[in-house]
Amino acid sequence: MQRVTIVGSGFAALTSVIELRKRAPDVEITLVSRRPEFVYYPGLIWVPSGLRTGDDLVIDLRYFFERMKVRHLAGEATGLKNGGRLLETTHGSVENDGLIIASGGRFIKKLPGIEHAIVPCEGVVAAKEIRDRVRAMDGGHIAMGFAGNPNEPSSMRGGPIFEFLFGMDYQLRREKRRDRFNLHFFTPAERPGNRLGPKAVDGLLAEMARRGIHTHLGHKLKGFSETKVMTEAEEFDADLILFMPGLTGNAWFDDTDLPRSPGGLLQADAQCRVPGFERVYVAGDSGSFPGPDWMPKQGHMADLQARAAARNLLAEFAGQEPKAGFRVELICIVDTNDSGMLVARNEKFNLVLPSMRLFHWLKRFFEWLYLRRYR
């Protein structure tokens, strides 16, 4: 019986489980993650307004693992030996015949004063802190922004910041407090959200102007203090700072011989293989993949890569050439808590539909549909 080890319990890891089990009912699967749970990060945008509690976005995976016949090892990866056949963890070594690394990315926290900023997508605790801080404020300045990995510009996740920003504007208006707050958006990019396409960028900036959100664009960040955001061009007041840094690879990669991209992610080919390592694959935010510069770091892309990785690993088990690739596709709804703008992009077209209430409900329906497979 072939043994597969999967590192992580996020989008890519769980999609790998589903794909493997669908195509190979008898393969032995061991999944290594700190806890047997899945955090649905796209829903964190709704925690500050109370639309989600945060706890309702944490899914207990024990029943899913039992149903899928997955052995869960509660621990963290720490290294790799024997050409990938031995994964070292905080709870001992795990042998495998094939390995899928889906342990996500790591935020680059090198800016001076970054301890004064909340990184919203670090999890439920961060989202709850945003909620509680805003509830306690009588007014003031709230600043939200993002940056990339200077050595790998595509390794970033800025989309959620747009949603936190527009959601906060809607929330404060609903609470009849918006006139007491100044909202600021900042990023070193001159055209923020460019991966969504030119039309989307124009739409986002126009929406910020319409809502009276101050923008600070195109200047390198110098750091933060408790009450300010500092760039090379200016500094401005901020009583609450939300910031999404660029992404790099997991710290445990440093204790392996796995090939790295300039930005510190795992190098991958078009079939999600890690070059130089037999039957070792990567999917999701852990990897650096060939493709256009707008290739997104999002759950949907991680799912597509995970399916390719699982199919190719099984092909290798069968003595076949791994040929499955993944399509590069961006699909998202930029939500505002009561409506949303739909953006879709592939290598042939770029669709942007204006904000509608229907899209907000579609996003909520997708959340329910996606999570029901794990409940």
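Residues numbered from 1 in each chain as written. Predicted model: local features only at pLDDT ≥ 70, side-chain atom pairs only at ≥ 80, totals over all residues. Heavy atoms only, no water.

Trainee: For this particular structure, what's the right way to read helix 3 (residues 124-136)?
Mentor: Residues three or four positions apart in an α-helix share a direction because the helix packs 3.6 residues into each turn. The end-to-end C-alpha distance of helix 3, which contains 13 residues, comes to 18 Å, matching closely the 18 Å that a straight helix rising 1.5 Å per residue would cover. Residues of helix 3 that are buried: Val124, Ala126, Ala127, Ile130, Arg131 and Val134. On the buried face of helix 3, the contacting elements are strand 3 (37-39), strand 4 (58-60), strand 11 (140-146), helix 4 (159-174) and strand 17 (240-244). (Helix = DSSP H or I, 4+ residues; strand = E, 2+ residues; numbered from the N terminus. Expected span 1.5 Å × (residues − 1). Buried < 20%, exposed > 50% of the residue type's maximum accessible area, 1.4 Å probe, protein only. Contact = heavy atoms within 4.5 Å.)

Trainee: In this structure, what is going on with the layout of surface pockets? I would like to understand it.
Mentor: A probe matching the size of a water molecule, rolled over the atoms, marks out where space remains unfilled. Within this model, the second largest pocket holds a volume of roughly 180 Å³. Lining the second largest pocket are 17 residues, and of these Ser154, Ser288, Phe289, Met295 and Lys297 lie nearest its centre. Breaking the lining of the second largest pocket down by element, the ones donating at least two residues are strand 21 (287-288) and helix 6 (299-317). If you tally residues by element for the lining of the second largest pocket, the top one is helix 6, at 3 residues. Within the lining of the second largest pocket, the residues separate by chemical class into 6 nonpolar, 7 polar and 4 charged. (1 Å grid on protein atoms, 1.4 Å probe; cavity = no way out; pocket = protein on both sides within 12 Å on 5 of 7 lines; lining within 4 Å. Points joined across faces, edges and corners; volume = space filled by probe spheres on them. Nonpolar A, V, L, I, M, F, W, Y, C, P; charged D, E, K, R; others polar.)

Trainee: It is not clear to me how the sheet that holds strand 7 (residues 86-89) should be interpreted in this structure. Could you clarify?
Mentor: Sheet strands line up and pair through hydrogen bonds in the backbone, either parallel or antiparallel. Strand order in this open sheet of 3 strands is 6-7-8, and the pairing throughout is antiparallel. Each of the sheet's edge strands pairs with one partner strand only, and the pair in question is strand 6 (77-81) and strand 8 (92-95). The sheet shows a mean angle of 25° between the axes of neighbouring strands, direction not considered. By the bridge criterion, 4 bridges tie strand 7 to strand 8 in an arrangement that is antiparallel. Within strand 8, the position partnered with leucine 86 by the bridge is glutamate 95. (Pairing = 2+ DSSP bridges. Axes fitted to C-alpha atoms, helices over the stretch in contact; angles between N-to-C directions.)

Trainee: Could you clarify how one ought to interpret the environment of methionine 208 in this entry?
Mentor: Turning to its location among the elements, methionine 208 is positioned in helix 5 (residues 198-210). A relative accessible area of 0% places methionine 208 in the buried class. As a C-alpha pair, methionine 208 and valine 17 span 191 residues in sequence and 41 Å in three-dimensional space. Those residues in contact with methionine 208, other than ones at most four positions away along the chain, are Phe162, Leu165, Phe166, Phe185, Ile213 and Thr215.

Trainee: How do you make sense of a nonpolar patch on the surface when you look at a structure like this?
Mentor: A contiguous nonpolar surface patch, about 260 Å² in accessible area, is contributed by Met356, Leu358 and Leu362. Residue placement: leucine 362 occurs in helix 7 (residues 357-371). (Patch = residues over 30% accessible without salt bridge, like charges linked within 9 Å, V, L, I, M, F, W, Y side chains within 5 Å. Areas by Shrake-Rupley, 256 points an atom, 1.4 Å probe, with all protein chains shown as cover. Salt bridge = Lys/Arg side-chain N within 4 Å of Asp/Glu carboxyl O.)

Trainee: How do you make sense of the sheet that holds strand 2 (residues 28-33) when you look at a structure like this?
Mentor: Judged by pairing direction, the sheet is parallel, and its 5 strands sit side by side in the order 5-2-1-9-20 without closing on themselves. One side of each edge strand has no neighbouring strand; the edge strands of this open sheet are strand 5 (70-74) and strand 20 (280-282). Going across the sheet, the axis of each strand differs from the next one's by a mean of 20°, ignoring polarity. Here helix 6 sits on the sheet in contact with strand 1 (3-7), strand 9 (98-101) and strand 20, set at roughly 170° to strand 9.

Trainee: Please explain the nonpolar core as it appears in this structure.
Mentor: Nonpolar side chains in soluble globular proteins tend to end up buried together. In terms of nonpolar packing, the biggest core is built from 106 residues, with Ile6, Leu20, Phe38, Ile101, Ile142 and Phe326 touching the most fellow members. Take this core: its biggest share by element is 10 residues, from helix 6. Discounting chain neighbours no more than four positions away, the residues touching isoleucine 142 are Val134, Met137, Met168, Phe181, Asn182, Leu183, His184 and Leu240. In this structure, Phe186, Leu221, Val229 and Phe236 belong to the second largest nonpolar core, which totals 12 residues. (Core = buried A, V, L, I, M, F, W, Y, C linked by side-chain atoms within 4.5 Å.)

Trainee: Even after reading the chapter, I still don't get the UniProt feature "domain: FAD/NAD(P)-binding" (unreviewed entry) in the protein, so can you show me in this structure?
Mentor: UniProt annotation of "domain: FAD/NAD(P)-binding" (unreviewed entry) refers to residues 3-285 when read in the numbering used here. Overall, residues 3-285 shows 22% helix and 29% strand. The separation of its end C-alpha atoms is 24 Å. (UniProt positions renumbered as here; feature names shortened; annotations may be inferred.)

Trainee: It is not clear to me how the packing of helix 1 (residues 11-23) against helix 6 should be interpreted in this structure. Could you clarify?
Mentor: Axis angle and axis distance: for two packed helices, these are the angle between their axes and the distance between the axes, and together they describe the pair. Interaxial distance between helix 1 and helix 6 falls to 8 Å at its minimum, and their mutual angle equals 40°. It follows from the interaxial angle that helix 1 and helix 6 lie oblique. Taken as a pair, helix 1 and helix 6 cross one another with a handedness that is right-handed. Here Phe11, Ala12, Thr15, Ser16, Glu19, Leu20 and Arg23 of helix 1 come into contact with helix 6, specifically with Gly299, Ala302, Asp303, Ala306, Arg307, Ala310, Arg311 and Leu314. Of the residues that constitute the contact of helix 1 with helix 6, the class distribution is 7 nonpolar, 3 polar and 5 charged. (Parallel < 35°, antiparallel > 145°, perpendicular 65-115°, else oblique. Left-handed = near helix turned anticlockwise from the far one by under 90°.)

Trainee: So what exactly am I meant to see when it comes to the environment of proline 245 here?
Mentor: Relative to the helices and strands, proline 245 is located in the loop between strand 17 and strand 18 (247-248). Look at proline 245 and you get buried, because its relative accessible area is 2%. As for proline 245 and arginine 71, which are separated by 174 residues in sequence, their C-alpha atoms are 34 Å apart. Sequence-distant contacts of proline 245, defined by excluding residues within four places in its chain, comprise Phe107, Ile108, Ile114, Val119 and Ala147.

Trainee: Help me understand the packing of aromatic side chains, please; the structure alone is not making it clear to me.
Mentor: The description of an aromatic ring pair rests on the distance of the ring centres and on the angle between the ring planes. One pass over the full model with this rule turns up 21 aromatic pairs. Taken together, a centroid distance of 6.1 Å and an interplanar angle of 65° make the contact between phenylalanine 186 and phenylalanine 224 edge-to-face. Remark: phenylalanine 224 occurs in strand 14 (residues 221-224) and phenylalanine 186 occurs in strand 12 (residues 181-187); sequence separation between them is 38 residues. You'll find phenylalanine 186 and phenylalanine 224 in the same group, each marked buried. With 5.0 Å between their ring centres and 65° between their planes, tryptophan 252 and phenylalanine 253 make a pair best called edge-to-face. According to the relative accessible area criterion, phenylalanine 253 is buried, its value standing at 0%. By the ring-pair criterion, three or more aromatic residues cluster together here, those being Phe11, Phe38, Tyr40, Phe64, Phe65, Phe366, Tyr370 and Tyr374. (Phe/Tyr/Trp six-rings, centres within 6.5 Å; stacked < 30°, edge-to-face > 60°.)

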